[in-house]
Amino acid sequence: MYFHATRNYEKGHKKTDRMANLLNWLVYYAGLSRLLGTHHQVYLLYHRVNNCEVVARHYGKRRFVTDQQFEKQMRLLSKINDGRVSITFDDGYKDNFLYAYPILKKYGQRAIFFISSGFIDGNYFHAGDIVDCYIRKGALTKKEAKKLRMTMRELPLSQRNELIGRLEIEAAELSDDHAMTWADLKRLLVEGHIIGNHTVNHPVLTRESQQHLVYEIAKCNQDIRDHLGIECRHFAYPYGRMKDIPPRIETLLADHGIEYAFTTVRGYYSDDESPFFIRRMPISYGDDLAAFANRCYGVSIERGVERRTLVDTLLRRIGVRR
Ligand SMILES: [Zn+2]
């Protein structure tokens, strides 16, 4: 069951946020999650797990959970996961290894870690991290930062790197944003986790030439092969909205041995869909445990929820309405 964030999304979304939280709570604690849930595959999407207030404040609460939240989520997941729920991490931040990995281990959960290989060992930083650094320094307002972030994201890689060069950020200023190392990834692999391809430089793929696309996919595969000795079968699109994905890329991915490719489009995955456009459910700071649990069951109650749809679905499930 999936309720789209459609109606009045902008208008009064605080009210609908509260409504979504309340409905999540009611559905979960009334024991209705399993009844309403789909039988689809659920891929949870995480970026960062951290206990740093600064990161929490500046990284953006959308792509962040605290280590305490993550522990509660994994404890719950270990009780309800019948194999339909998979955990994925994008980007390869060090905090994935420092905070998420020990918790995954404690609760016997495995994950897919999508890494941008140029970022591993701290050689490269995502454009967004540089913007975050400027915010921390107080050099940009939130509005300016948003504009810079969007500008950087839309630039072809060569121009983006030129801009980053001109911003003259010292690596030390980004110290709490370091990436995982190949040694960390080796450890994850040994413990049964999957390492996936998230390109070399994390560009918007639709902005790059066909030749450069091949490089981003093939080189990341090669880096993973060289450092970890495995063939990569999983890929996640940078940024990952449908408009960031070039047409017919699945052929190129398949040619490079990729079998599953993941978007950041919100939703669930069923076997009759293409494995090259798998949707995921993001988990972020604002989600309470009931919302998390419902998503794991395949029930997504979001902002702008259509209450009538919820009642209809419920009545249909229990056979009162067809
Ligand atoms: Zn990413």
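Preceding this paragraph is the structure being described.
Going along each chain's sequence as written, the residues are numbered from 1 onward. It should be noted that, the model being predicted, local features are given only for residues of pLDDT at least 70 and side-chain atom pairs only at 80 or more, the latter also being counted only at that level, while totals for whole chains, interfaces and linings use all residues.

*Asks:* In this structure, what is going on with the overall build of the chain? I would like to understand it.
*Replies:* In DSSP terms, a helix is any run of H or I states spanning at least four residues, a strand is any run of E spanning at least two, and both are numbered starting from the N terminus. When you go through the chain residue by residue, the secondary structure sums to 13 helices and nine strands. Residue burial here comes from a neighbour count, namely the number of other C-beta atoms, placed from the backbone, that lie within 10 Å of the residue's own C-beta, with 20 or more meaning buried, 12 or fewer meaning exposed, and in between meaning partly exposed. Taken across its 322 residues, the chain has 35% of its residues classed as buried. Placing a C-beta atom from the backbone of each residue, one calls two residues in contact when those atoms lie within 7 Å. The long-range fraction of contacts in the chain, counting pairs at least 24 apart against all pairs at least 6 apart in sequence, stands at 75%.

*Asks:* Would you explain the pairing of strand 4 (residues 85-91) in this entry?
*Replies:* The side chains of a regular strand alternate between the sheet's two faces. In terms of burial, strand 4 is a largely internal element, five of the seven residues being buried. In this sheet, strand 4 lies alongside strand 1 (residues 42-46) in parallel orientation, the contact comprising five bridges. Paired with Val-42 across the bridge in strand 4 is Val-85. By definition, two strands form a pair when at least two bridges between them are found by DSSP. Of the pairings in the sheet, the one linking strand 4 to strand 5 (residues 111-115) comprises five bridges and is parallel in character. Across the sheet, the residue bridging to Ile-87 is Ala-111, located in strand 5. Handedness of the crossover joining strand 4 and strand 5 through helix 5 (residues 94-106) is recorded here as right-handed. Orienting the strands away from the viewer, one traces the path from the first strand over the helix to the second; a clockwise path indicates a right-handed crossover.

*Asks:* So what exactly am I meant to see when it comes to the nonpolar core here?
*Replies:* Across soluble globular proteins, nonpolar side chains have a tendency to be buried as a group. By convention the nonpolar core is taken to be a set of buried residues drawn from Ala, Val, Leu, Ile, Met, Phe, Trp, Tyr and Cys and joined through C-beta atoms within 7 Å. Membership of the largest hydrophobic core comes to 61 residues, with the highest contact counts inside it found for Tyr-43, Tyr-46, Ala-100, Phe-113, Ile-115 and Ala-261. Those residues in contact with Ala-100 that sit more than four places away from it in its chain are Val-49, Phe-70 and Phe-89. Listed in part, the five residues of the second largest apolar core include Ala-127, Val-131, Cys-133 and Ile-135.

*Asks:* Got a minute to help me understand unusual backbone geometry in this structure?
*Replies:* Glycine aside, residues mostly have negative phi angles, and peptide bonds mostly take the trans form. Backbone geometry places His-202, a non-glycine residue, at a positive phi of 60°. Examined against the element boundaries, His-202 turns out to sit in the loop between strand 6 (194-197) and helix 10 (210-228).

*Asks:* Honestly, the packing of helix 6 (residues 127-136) against helix 7 (residues 142-154) in this entry has me stumped. Any pointers?
*Replies:* Two quantities define a packed helix pair, namely the angle between the helix axes and the distance between the axes. Where helix 6 meets helix 7, the axes come as close as 9 Å, and the angle between the chain directions of the two elements is 160°. Classed by the angle they form, the pair helix 6 and helix 7 counts as roughly antiparallel. Crossing hand, helix 6 versus helix 7: right-handed. Taking contact as the criterion, the partners of Ala-127, Gly-128, Val-131, Tyr-134 and Ile-135 in helix 6 are, on helix 7, Ala-145, Leu-148, Arg-149, Met-152 and Arg-153. Three classes are used, and their members are as follows: Ala, Val, Leu, Ile, Met, Phe, Trp, Tyr, Cys and Pro are nonpolar, Asp, Glu, Lys and Arg are charged, and the others, Gly among them, are polar. Partitioned by chemical class, the residues of the contact of helix 6 with helix 7 number seven nonpolar, one polar and two charged. Every axis corresponds to a line fitted to the C-alpha atoms, with the helix fit spanning only the stretch in contact, and the corresponding angles, defined between N-to-C directions, vary from 0 to 180 degrees. What sets the label is the angle itself: under 35 degrees gives roughly parallel, over 145 gives roughly antiparallel, 65 to 115 gives roughly perpendicular, and the rest give oblique. Crossings are assigned a handedness: left-handed for a near helix turned anticlockwise from the far helix by less than a right angle, right-handed for a clockwise turn.

Everything listed is a geometric property; what it means functionally is a separate question.
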